[in-house]
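Architecture at a glance
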Amino acid sequence: MGNMNEKTLSIVIPCYNEENSILDLVKKVLESPVPNKEIIVVDDCSKDGTRTVLERDVKPLVSKIVYHEVNQGKGGALKTGFAAATGDVVIIQDADLEYDQDVVNILLIGCDKRSDETEAGRSDSTMIATIDLKNGKLKLTSLMRDMYIDIPGYGYHKFNAAYSYGGVQLEYETIAETFGIKLDGYVEVDMEAFREVVDLIGGVPMDLTEAEAYFLKTAYVNSKHGEKNVKAGENMLTPYQALAYCRIRQDITGEFGRTDRQRKILISVFNELKSEDVMTITNICMKALKYVTTDLTEKQIRSLLTSVITMGATEVEQFRIPYEGSYTEGRLSGNGAWVMQVDYEANKKALQYFVFGIGEDPGINDSYGVGNDKFIKGYYPEKTEGISTY
(Lines give C-alpha, C1' and ligand atoms only; values in the text may rest on other atoms or scores of the structure.)
Protein backbone atom coordinates (compact mmCIF):
# COMPACT_ATOMS: atom_id res chain seq x y z
CA MET A 1 0.00 0.00 0.00
CA GLY A 2 1.33 3.43 -0.89
CA ASN A 3 2.16 6.15 1.59
CA MET A 4 -1.00 8.06 2.49
CA ASN A 5 1.03 11.28 2.39
CA GLU A 6 1.55 10.70 -1.34
CA LYS A 7 -2.16 10.41 -2.07
CA THR A 8 -4.21 13.42 -3.14
CA LEU A 9 -7.42 14.47 -1.41
CA SER A 10 -10.06 16.15 -3.58
CA ILE A 11 -12.30 18.52 -1.63
CA VAL A 12 -15.51 19.40 -3.48
CA ILE A 13 -17.30 22.55 -2.31
CA PRO A 14 -20.79 23.07 -3.80
CA CYS A 15 -22.06 26.60 -3.22
CA TYR A 16 -25.12 28.72 -3.93
CA ASN A 17 -25.52 32.33 -2.82
CA GLU A 18 -22.57 32.18 -0.41
CA GLU A 19 -21.17 35.65 -1.12
CA ASN A 20 -20.46 36.38 2.55
CA SER A 21 -18.97 33.05 3.56
CA ILE A 22 -17.27 31.28 0.67
CA LEU A 23 -13.89 33.01 0.99
CA ASP A 24 -13.63 32.33 4.73
CA LEU A 25 -14.61 28.71 4.16
CA VAL A 26 -11.93 28.19 1.50
CA LYS A 27 -9.32 29.75 3.78
CA LYS A 28 -10.30 27.35 6.58
CA VAL A 29 -10.01 24.39 4.21
CA LEU A 30 -6.56 25.59 3.16
CA GLU A 31 -5.51 25.65 6.81
CA SER A 32 -6.19 21.92 7.20
CA PRO A 33 -2.99 19.88 7.74
CA VAL A 34 -3.60 17.56 4.76
CA PRO A 35 -0.43 17.91 2.62
CA ASN A 36 -1.73 16.97 -0.83
CA LYS A 37 -5.14 18.35 -1.64
CA GLU A 38 -7.05 19.91 -4.49
CA ILE A 39 -10.01 22.21 -3.86
CA ILE A 40 -12.84 22.27 -6.40
CA VAL A 41 -15.59 24.86 -6.02
CA VAL A 42 -18.83 24.41 -7.97
CA ASP A 43 -21.05 27.49 -8.14
CA ASP A 44 -24.62 26.37 -8.77
CA CYS A 45 -25.76 29.50 -10.64
CA SER A 46 -25.68 31.85 -7.63
CA LYS A 47 -27.87 34.94 -7.89
CA ASP A 48 -25.96 37.13 -5.43
CA GLY A 49 -22.33 38.28 -5.65
CA THR A 50 -20.81 34.85 -5.13
CA ARG A 51 -19.36 34.67 -8.65
CA THR A 52 -17.60 37.99 -8.22
CA VAL A 53 -16.02 36.83 -4.95
CA LEU A 54 -15.00 33.55 -6.57
CA GLU A 55 -13.31 35.24 -9.52
CA ARG A 56 -11.69 38.03 -7.53
CA ASP A 57 -10.67 36.35 -4.25
CA VAL A 58 -11.13 32.60 -4.37
CA LYS A 59 -9.77 31.66 -7.80
CA PRO A 60 -6.09 32.21 -6.86
CA LEU A 61 -6.51 29.92 -3.83
CA VAL A 62 -8.19 26.84 -5.28
CA SER A 63 -7.44 24.23 -7.91
CA LYS A 64 -10.58 24.66 -9.98
CA ILE A 65 -13.87 26.58 -10.12
CA VAL A 66 -16.78 25.29 -12.20
CA TYR A 67 -19.83 27.45 -12.91
CA HIS A 68 -23.35 26.19 -13.59
CA GLU A 69 -25.29 28.46 -15.92
CA VAL A 70 -28.53 26.80 -14.75
CA ASN A 71 -29.24 25.84 -11.14
CA GLN A 72 -29.03 22.04 -10.84
CA GLY A 73 -29.41 21.67 -7.08
CA LYS A 74 -26.80 20.41 -4.65
CA GLY A 75 -26.87 16.90 -6.10
CA GLY A 76 -26.07 18.28 -9.56
CA ALA A 77 -23.28 20.45 -8.15
CA LEU A 78 -21.76 17.44 -6.41
CA LYS A 79 -21.84 15.36 -9.60
CA THR A 80 -20.02 18.16 -11.42
CA GLY A 81 -17.44 18.37 -8.65
CA PHE A 82 -16.90 14.61 -8.58
CA ALA A 83 -16.38 14.58 -12.35
CA ALA A 84 -13.75 17.32 -12.04
CA ALA A 85 -11.90 15.68 -9.16
CA THR A 86 -8.59 13.94 -9.85
CA GLY A 87 -7.61 12.91 -6.32
CA ASP A 88 -7.37 9.44 -4.84
CA VAL A 89 -9.97 10.31 -2.21
CA VAL A 90 -12.91 12.68 -2.62
CA ILE A 91 -14.78 14.40 0.20
CA ILE A 92 -17.48 17.07 0.40
CA GLN A 93 -17.19 20.37 2.24
CA ASP A 94 -20.58 22.06 2.36
CA ALA A 95 -20.40 25.83 1.95
CA ASP A 96 -23.49 26.53 4.04
CA LEU A 97 -22.89 24.35 7.10
CA GLU A 98 -23.55 26.10 10.36
CA TYR A 99 -20.59 25.86 12.70
CA ASP A 100 -19.56 27.37 16.01
CA GLN A 101 -16.30 26.41 17.72
CA ASP A 102 -18.04 26.68 21.11
CA VAL A 103 -20.85 24.30 20.12
CA VAL A 104 -19.80 20.66 19.74
CA ASN A 105 -22.15 18.25 17.93
CA ILE A 106 -21.60 14.51 18.28
CA LEU A 107 -23.59 12.05 16.17
CA LEU A 108 -24.89 9.13 18.26
CA ILE A 109 -25.80 6.02 16.27
CA GLY A 110 -27.48 2.95 17.70
CA CYS A 111 -27.31 0.31 14.99
CA ASP A 112 -29.35 -2.88 14.86
CA LYS A 113 -26.36 -5.02 13.90
CA ARG A 114 -25.87 -7.97 16.26
CA SER A 115 -22.41 -8.88 17.50
CA ASP A 116 -22.11 -11.84 15.11
CA GLU A 117 -23.03 -9.84 12.00
CA THR A 118 -20.53 -8.22 9.63
CA GLU A 119 -22.95 -6.15 7.51
CA ALA A 120 -23.59 -2.54 8.50
CA GLY A 121 -27.28 -3.10 9.26
CA ARG A 122 -29.52 -0.04 9.61
CA SER A 123 -29.37 2.68 12.20
CA ASP A 124 -31.97 1.83 14.83
CA SER A 125 -31.62 5.25 16.40
CA THR A 126 -29.83 8.46 15.45
CA MET A 127 -29.34 11.42 17.75
CA ILE A 128 -27.20 14.53 17.89
CA ALA A 129 -25.68 15.29 21.29
CA THR A 130 -24.83 18.98 21.57
CA ILE A 131 -22.38 20.41 24.08
CA ASP A 132 -23.04 24.16 24.07
CA LEU A 133 -19.96 25.54 25.82
CA LYS A 134 -21.00 29.10 25.09
CA ASN A 135 -24.25 28.89 27.07
CA GLY A 136 -23.43 26.00 29.40
CA LYS A 137 -26.14 23.73 27.97
CA LEU A 138 -26.47 20.08 26.99
CA LYS A 139 -28.93 19.19 24.23
CA LEU A 140 -30.18 15.99 22.63
CA THR A 141 -31.95 15.78 19.27
CA SER A 142 -33.57 12.65 17.81
CA LEU A 143 -33.71 12.22 14.03
CA MET A 144 -36.67 10.04 13.05
CA ARG A 145 -35.61 7.02 11.02
CA ASP A 146 -38.72 6.98 8.79
CA MET A 147 -38.08 10.42 7.26
CA TYR A 148 -38.24 10.16 3.46
CA ILE A 149 -35.00 11.91 2.66
CA ASP A 150 -32.58 12.51 -0.21
CA ILE A 151 -29.53 10.33 0.48
CA PRO A 152 -26.54 11.59 -1.57
CA GLY A 153 -25.90 9.25 -4.47
CA TYR A 154 -28.94 7.07 -3.77
CA GLY A 155 -31.98 9.30 -4.09
CA TYR A 156 -34.95 9.26 -1.74
CA HIS A 157 -35.17 6.54 0.89
CA LYS A 158 -35.92 6.24 4.58
CA PHE A 159 -33.30 8.08 6.61
CA ASN A 160 -32.00 4.96 8.34
CA ALA A 161 -31.06 3.48 4.93
CA ALA A 162 -28.16 5.95 4.76
CA TYR A 163 -26.24 3.94 7.34
CA SER A 164 -26.96 0.70 5.49
CA TYR A 165 -25.76 2.13 2.16
CA GLY A 166 -22.70 4.01 3.32
CA GLY A 167 -22.17 3.74 7.06
CA VAL A 168 -21.42 6.71 9.27
CA GLN A 169 -19.91 8.78 6.45
CA LEU A 170 -23.11 8.72 4.43
CA GLU A 171 -25.15 9.63 7.52
CA TYR A 172 -22.79 12.59 7.98
CA GLU A 173 -23.35 13.69 4.39
CA THR A 174 -27.12 13.21 4.53
CA ILE A 175 -27.44 15.30 7.69
CA ALA A 176 -25.07 17.96 6.38
CA GLU A 177 -26.86 18.33 3.06
CA THR A 178 -30.36 18.31 4.54
CA PHE A 179 -29.94 20.31 7.73
CA GLY A 180 -26.74 22.30 7.22
CA ILE A 181 -25.24 21.11 10.52
CA LYS A 182 -21.54 20.38 10.94
CA LEU A 183 -20.88 17.29 13.04
CA ASP A 184 -17.69 17.11 15.07
CA GLY A 185 -17.55 13.37 15.59
CA TYR A 186 -19.60 10.23 16.12
CA VAL A 187 -20.13 7.43 18.59
CA GLU A 188 -21.64 4.18 17.29
CA VAL A 189 -23.12 1.53 19.57
CA ASP A 190 -24.58 -1.84 18.57
CA MET A 191 -26.87 -3.94 20.76
CA GLU A 192 -24.18 -5.86 22.57
CA ALA A 193 -22.14 -2.70 23.16
CA PHE A 194 -25.22 -0.92 24.54
CA ARG A 195 -25.70 -3.67 27.12
CA GLU A 196 -22.03 -3.58 28.09
CA VAL A 197 -22.12 0.20 28.63
CA VAL A 198 -25.25 -0.04 30.79
CA ASP A 199 -23.56 -2.79 32.78
CA LEU A 200 -20.57 -0.52 33.42
CA ILE A 201 -22.73 2.03 35.25
CA GLY A 202 -24.63 -0.63 37.20
CA GLY A 203 -27.99 -0.27 35.45
CA VAL A 204 -30.30 2.59 34.52
CA PRO A 205 -33.05 3.96 36.80
CA MET A 206 -36.34 4.39 34.93
CA ASP A 207 -39.95 5.08 35.86
CA LEU A 208 -42.16 2.71 33.82
CA THR A 209 -45.82 3.28 33.11
CA GLU A 210 -48.31 0.48 33.78
CA ALA A 211 -48.48 -0.27 30.07
CA GLU A 212 -44.71 -0.27 29.54
CA ALA A 213 -44.17 -2.67 32.42
CA TYR A 214 -46.99 -4.95 31.28
CA PHE A 215 -45.67 -4.90 27.72
CA LEU A 216 -42.20 -6.05 28.79
CA LYS A 217 -43.72 -8.76 30.99
CA THR A 218 -45.73 -10.18 28.08
CA ALA A 219 -43.52 -9.52 25.06
CA TYR A 220 -40.54 -11.17 26.73
CA VAL A 221 -42.37 -13.86 28.70
CA ASN A 222 -40.14 -16.63 27.30
CA SER A 223 -36.87 -14.71 27.35
CA LYS A 224 -34.09 -15.98 29.60
CA HIS A 225 -32.59 -12.50 30.09
CA GLY A 226 -35.04 -11.12 32.65
CA GLU A 227 -36.66 -8.35 30.59
CA LYS A 228 -40.02 -9.34 32.07
CA ASN A 229 -38.89 -8.82 35.68
CA VAL A 230 -40.05 -5.22 35.94
CA LYS A 231 -42.88 -3.33 37.64
CA ALA A 232 -44.81 -0.13 37.10
CA GLY A 233 -42.99 2.77 38.76
CA GLU A 234 -39.31 3.02 39.62
CA ASN A 235 -36.98 0.30 38.33
CA MET A 236 -33.24 -0.12 38.08
CA LEU A 237 -33.14 -1.54 34.58
CA THR A 238 -30.57 -4.21 33.80
CA PRO A 239 -28.69 -4.05 30.47
CA TYR A 240 -31.22 -6.36 28.77
CA GLN A 241 -34.20 -4.53 30.27
CA ALA A 242 -32.84 -1.13 29.22
CA LEU A 243 -32.38 -2.30 25.63
CA ALA A 244 -35.86 -3.83 25.51
CA TYR A 245 -37.38 -0.65 26.98
CA CYS A 246 -35.83 1.74 24.47
CA ARG A 247 -36.87 -0.48 21.54
CA ILE A 248 -40.59 -0.46 22.40
CA ARG A 249 -42.58 1.03 19.53
CA GLN A 250 -45.98 -0.63 20.02
CA ASP A 251 -47.70 2.24 21.82
CA ILE A 252 -50.02 4.60 19.94
CA THR A 253 -47.17 7.04 19.32
CA GLY A 254 -45.12 4.39 17.47
CA GLU A 255 -41.65 5.61 16.50
CA PHE A 256 -42.19 8.85 18.39
CA GLY A 257 -42.62 6.85 21.59
CA ARG A 258 -39.50 4.85 20.84
CA THR A 259 -37.29 7.90 20.22
CA ASP A 260 -38.71 9.43 23.39
CA ARG A 261 -37.63 6.37 25.39
CA GLN A 262 -34.20 6.39 23.78
CA ARG A 263 -33.63 9.97 24.91
CA LYS A 264 -34.93 9.15 28.39
CA ILE A 265 -32.41 6.31 28.69
CA LEU A 266 -29.49 8.58 27.73
CA ILE A 267 -30.68 11.34 30.06
CA SER A 268 -30.98 8.82 32.88
CA VAL A 269 -27.40 7.68 32.23
CA PHE A 270 -26.30 11.33 32.36
CA ASN A 271 -28.15 11.86 35.63
CA GLU A 272 -26.46 8.81 37.14
CA LEU A 273 -23.00 9.96 36.08
CA LYS A 274 -23.29 13.61 37.09
CA SER A 275 -23.46 12.68 40.77
CA GLU A 276 -20.08 10.95 40.57
CA ASP A 277 -16.67 12.59 40.98
CA VAL A 278 -14.56 13.53 37.97
CA MET A 279 -12.22 10.55 38.29
CA THR A 280 -15.07 8.02 38.44
CA ILE A 281 -16.84 9.54 35.44
CA THR A 282 -13.63 9.56 33.42
CA ASN A 283 -12.79 5.96 34.32
CA ILE A 284 -16.26 4.73 33.35
CA CYS A 285 -16.16 6.56 30.01
CA MET A 286 -12.66 5.31 29.22
CA LYS A 287 -13.74 1.73 29.94
CA ALA A 288 -16.80 2.21 27.71
CA LEU A 289 -14.55 3.13 24.77
CA LYS A 290 -13.69 -0.50 24.07
CA TYR A 291 -17.36 -1.28 23.49
CA VAL A 292 -18.14 1.54 21.04
CA THR A 293 -16.86 2.78 17.69
CA THR A 294 -15.88 6.43 17.42
CA ASP A 295 -13.67 8.79 15.44
CA LEU A 296 -12.96 10.85 18.56
CA THR A 297 -9.52 10.43 20.12
CA GLU A 298 -9.09 9.67 23.80
CA LYS A 299 -7.66 13.17 24.23
CA GLN A 300 -10.76 14.72 22.64
CA ILE A 301 -13.08 12.63 24.80
CA ARG A 302 -11.25 13.59 27.99
CA SER A 303 -11.42 17.25 26.97
CA LEU A 304 -15.17 17.05 26.29
CA LEU A 305 -15.79 15.26 29.59
CA THR A 306 -13.90 17.96 31.45
CA SER A 307 -15.91 20.66 29.67
CA VAL A 308 -19.24 18.99 30.47
CA ILE A 309 -18.33 18.50 34.12
CA THR A 310 -16.97 22.01 34.67
CA MET A 311 -19.80 23.84 32.95
CA GLY A 312 -22.20 22.37 35.50
CA ALA A 313 -25.25 21.68 33.34
CA THR A 314 -27.87 19.82 35.35
CA GLU A 315 -30.53 19.29 32.68
CA VAL A 316 -30.58 18.03 29.09
CA GLU A 317 -32.75 19.96 26.64
CA GLN A 318 -34.62 17.74 24.15
CA PHE A 319 -35.72 18.14 20.56
CA ARG A 320 -36.99 15.93 17.76
CA ILE A 321 -36.76 16.18 13.98
CA PRO A 322 -39.25 16.46 12.40
CA TYR A 323 -41.16 18.54 14.91
CA GLU A 324 -44.93 18.33 15.26
CA GLY A 325 -46.85 19.97 12.42
CA SER A 326 -43.94 19.89 9.95
CA TYR A 327 -44.59 16.53 8.32
CA THR A 328 -47.21 14.16 6.99
CA GLU A 329 -47.22 10.37 7.11
CA GLY A 330 -48.38 7.81 4.60
CA ARG A 331 -47.47 4.90 2.35
CA LEU A 332 -45.43 5.25 -0.81
CA SER A 333 -47.00 4.13 -4.03
CA GLY A 334 -45.12 1.13 -5.34
CA ASN A 335 -43.45 -0.56 -2.40
CA GLY A 336 -46.01 0.65 0.14
CA ALA A 337 -43.37 1.71 2.67
CA TRP A 338 -44.64 3.89 5.51
CA VAL A 339 -42.68 7.15 5.49
CA MET A 340 -42.69 10.70 6.79
CA GLN A 341 -42.86 13.47 4.18
CA VAL A 342 -41.03 16.34 5.86
CA ASP A 343 -40.83 20.10 5.39
CA TYR A 344 -37.03 20.07 5.45
CA GLU A 345 -36.52 23.81 5.11
CA ALA A 346 -38.62 24.43 8.22
CA ASN A 347 -36.86 21.66 10.14
CA LYS A 348 -33.43 22.91 9.04
CA LYS A 349 -34.20 26.33 10.52
CA ALA A 350 -35.66 24.77 13.68
CA LEU A 351 -32.64 22.52 14.23
CA GLN A 352 -30.17 25.34 13.68
CA TYR A 353 -32.07 27.49 16.16
CA PHE A 354 -32.12 24.71 18.75
CA VAL A 355 -28.44 23.83 18.32
CA PHE A 356 -26.82 27.21 17.63
CA GLY A 357 -29.48 29.73 18.63
CA ILE A 358 -29.41 31.34 15.20
CA GLY A 359 -32.39 32.62 13.23
CA GLU A 360 -35.86 33.18 14.59
CA ASP A 361 -37.49 31.14 17.34
CA PRO A 362 -39.86 28.78 15.48
CA GLY A 363 -42.13 28.65 18.53
CA ILE A 364 -42.29 24.85 18.77
CA ASN A 365 -44.20 23.55 21.78
CA ASP A 366 -43.65 19.80 21.43
CA SER A 367 -43.58 17.89 24.71
CA TYR A 368 -40.96 15.22 25.40
CA GLY A 369 -40.39 12.62 28.08
CA VAL A 370 -44.09 11.89 28.64
CA GLY A 371 -44.88 8.25 29.44
CA ASN A 372 -47.56 6.55 27.35
CA ASP A 373 -50.13 4.12 28.70
CA LYS A 374 -51.95 3.42 25.43
CA PHE A 375 -50.77 0.56 23.27
CA ILE A 376 -52.03 -0.53 19.87
CA LYS A 377 -54.79 -3.13 20.09
CA GLY A 378 -53.49 -6.51 18.92
CA TYR A 379 -49.93 -5.77 20.00
CA TYR A 380 -50.70 -5.40 23.68
CA PRO A 381 -50.55 -7.62 25.54
CA GLU A 382 -51.46 -11.09 24.21
CA LYS A 383 -49.78 -10.91 20.76
CA THR A 384 -46.57 -9.13 21.63
CA GLU A 385 -44.24 -12.09 22.04
CA GLY A 386 -41.30 -11.70 19.71
CA ILE A 387 -42.12 -8.13 18.71
CA SER A 388 -39.27 -5.63 19.12
CA THR A 389 -37.03 -8.31 20.61
CA TYR A 390 -33.73 -9.55 19.22
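Details of the structure are given in the entry above.
This write-up is about the structure you can find in this document. These figures come from a predicted structure and were not determined experimentally.

**Thoughts on the overall build of the protein**
When you go through the protein residue by residue, the secondary structure sums to 11 helices and 16 strands. In the protein, which comprises 390 residues, the proportion classed as buried is 50%. Across the protein, the fraction of contacts at a sequence separation of at least 24, relative to all contacts at a separation of at least 6, is 70%. About 19,100 Å² of surface is accessible on the protein, with carbon and sulfur atoms providing 49% of the total.

**Describing the packing of aromatic side chains**
Applying the stated criterion across every chain yields a total of 6 aromatic pairs. Over the face of the ring belonging to F354 we find K139, whose NZ or CZ atom lies 5.5 Å from the ring centre.

**Structural notes on the pattern of salt bridges**
A pair can form between side chains of opposite charge whenever their charged atoms are brought close. Within the structure shown, the criterion is met by 12 salt bridges. A salt bridge links E69 to R51, with the nearest nitrogen and oxygen atoms 3.5 Å apart. Here E69 is found in the loop between β3 (64–67) and α3 (73–84), whereas its partner R51 is found in helix α2 (residues 50–58), with 18 residues between them in sequence. Exposure remark for E69: the relative accessible area of 59% places this residue in the exposed category. With a shortest N-O distance of 3.1 Å, E298 and R302 are connected by a salt bridge.

Analysis parameters
- Residues numbered from 1 in each chain as written.
- Predicted model: local features only at pLDDT ≥ 70, side-chain atom pairs only at ≥ 80, totals over all residues.
- Heavy atoms only, no water.
- Helix = DSSP H or I, 4+ residues; strand = E, 2+ residues; numbered from the N terminus.
- Buried < 20%, exposed > 50% of the residue type's maximum accessible area, 1.4 Å probe, protein only.
- Contact = heavy atoms within 4.5 Å.
- Areas by Shrake-Rupley, 256 points an atom, 1.4 Å probe, with all protein chains shown as cover.
- Phe/Tyr/Trp six-rings, centres within 6.5 Å; stacked < 30°, edge-to-face > 60°.
- Lys NZ or Arg CZ within 6 Å of the ring centre and 35° of its normal.
- Salt bridge = Lys/Arg side-chain N within 4 Å of Asp/Glu carboxyl O.

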